[in-house]
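Chain by chain, the residues:
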Amino acid sequence: MQPDSFKADRERFDRDAALWDGCPNPHRAALASACREALAGVIEGFATSPSLFDYGCGTGAVSLPLAQMCASITGCDFSEGMLAQFAKNAASLGLDRVRTLQLDLSGEAPIPPERYDIAHCGMVMHHIVDIPAFFCRISEVLRHGGTLSLIDAEPEDGSFHDDNSGVAHYGLNPDQLCQQLEGMGYDIIHSRRIHTVEKPRAGQMKPYPIFHIVARMQD
Ligand SMILES: C[S@@+](CC[C@H](N)C(=O)[O-])C[C@H]1O[C@@H](n2cnc3c(N)ncnc32)[C@H](O)[C@@H]1O
């Protein structure tokens, strides 16, 4: 179970949700675009349209534009506000085969019965304290042989976010994550840097590299 400060984090995401897509945040659109391209590559690796579980889906800026490539998309988030915006965005794009699910896999909530071809976690793991326990839980939503797609910031000095409340990790080490996944019976398909966010810090632009790990659960 995550500490109480994470409840405040959820409430902050609830408040921010309606303004998230329109926020004049120059790095956010570029990051979403890089994440979308990376996730599209995962989807394209399937012979038939896969089912996608987008954990920490936010407003759907990454996954919803890929809906035509998927058999279905389940947007999962702990924030009701984010899910409401996700559903609104899906409706305005005229998408069916899209549903939402409020769930916090960092806690002990029951795992839903559906199994998916891909579980994607984009920029959400740094909010989760116990990553090995999270990997066990997210693995349960994958069908046997399913694919995990993980995107997050590489280790940083704590300056990536303007406000670090609800941030459990100042970035994550992709090599360590790959080792953990291999220890759980995943094959690493690739682990690579897909983007670098640039933010103004102390009078200059500071780079924050972003990694993408794709891992397949052994049958
Ligand atoms: C930085 S946003 C990323 C949104 C989206 N994945 C993207 O790449 O645009 C992080 C999202 O993770 C959600 N989140 C944070 N902690 C979570 C948790 N423990 N369980 C589920 N969702 C969580 C937040 O509500 C928010 O929507």
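Cut-offs and rules
- Residues numbered from 1 in each chain as written.
- Predicted model: local features only at pLDDT ≥ 70, side-chain atom pairs only at ≥ 80, totals over all residues.
- Helix = DSSP H or I, 4+ residues; strand = E, 2+ residues; numbered from the N terminus.
- Rg over C-alpha atoms; globule rule 2.2 N^0.38 Å.
- Buried ≥ 20, exposed ≤ 12 C-beta atoms within 10 Å, placed from the backbone.
- Contact = placed C-beta atoms within 7 Å.
- Pairing = 2+ DSSP bridges.
- Axes fitted to C-alpha atoms, helices over the stretch in contact; angles between N-to-C directions.

Another point: the overall build of the protein chain. On a plain count of helices and strands, the protein chain comes out with five helices and seven strands. The order of helices and strands in the protein chain, counted from the N terminus, is α-α-β-β-α-β-β-α-β-α-β-β. The globule rule puts the C-alpha radius of gyration for 219 residues at 17 Å, and the 16 Å found for the protein chain is close to it. Taken over 219 residues, the protein chain has a buried fraction of 37%. The long-range fraction of contacts in the protein chain, counting pairs at least 24 apart against all pairs at least 6 apart in sequence, stands at 69%.

Below, the discussion takes up the sheet that holds strand β1 (residues 51–55). In spatial order, the strands read β3-β2-β1-β4-β5-β7-β6; together these seven strands make up an open sheet with mixed pairing. Among the strands making up the open sheet, the edge pair consists of β3 (98–102) and β6 (186–201). Sheet twist, expressed as the mean angle between neighbouring strand axes with direction ignored, is 15 degrees. With four bridges connecting them, β1 and strand β4 (residues 116–122) associate as parallel partners. Within β4, the residue paired with leucine 52 across the bridge is isoleucine 118. Contacts from helix α2 (residues 26–44) reach β4, β5 (142–153), β6 and β7 (204–217), with the element oriented near 170 degrees to β6.

Attention now moves to the pairing of β7. Where β5 and β7 come together, seven bridges link them in antiparallel fashion. The partner of leucine 150 across the bridge, within β7, is isoleucine 213. Here β6 runs beside β7; their pairing, made up of 14 bridges, is antiparallel. What sits directly across from histidine 195, in β7, is isoleucine 210. Where β6 folds back onto β7 in an antiparallel hairpin, the turn is made up of two residues, including alanine 202, whose phi is positive at roughly 50 degrees.

Take the pairing of strand β2 (residues 72–77) next. Of all six residues in β2, five are buried, a share of seventy percent or more. Relative to β2, β1 runs parallel, the two being bridged by five bridges. By the bridge assignment for β2, leucine 52 is matched with isoleucine 73. Where β2 lies against β3, five bridges are found, and the strand directions are parallel. Bridge pairing links threonine 74 to arginine 99 in β3.

On to the environment of glutamine 176. Mapping glutamine 176 onto the fold places it in helix α5 (residues 174–183). A tally of 11 C-beta atoms within 10 Å means that glutamine 176 is categorised as exposed. Along the chain, glutamine 176 and serine 165 lie 11 residues apart, while their C-alpha atoms are 24 Å from each other.

The analysis is restricted to geometry; functional conclusions fall outside its scope.
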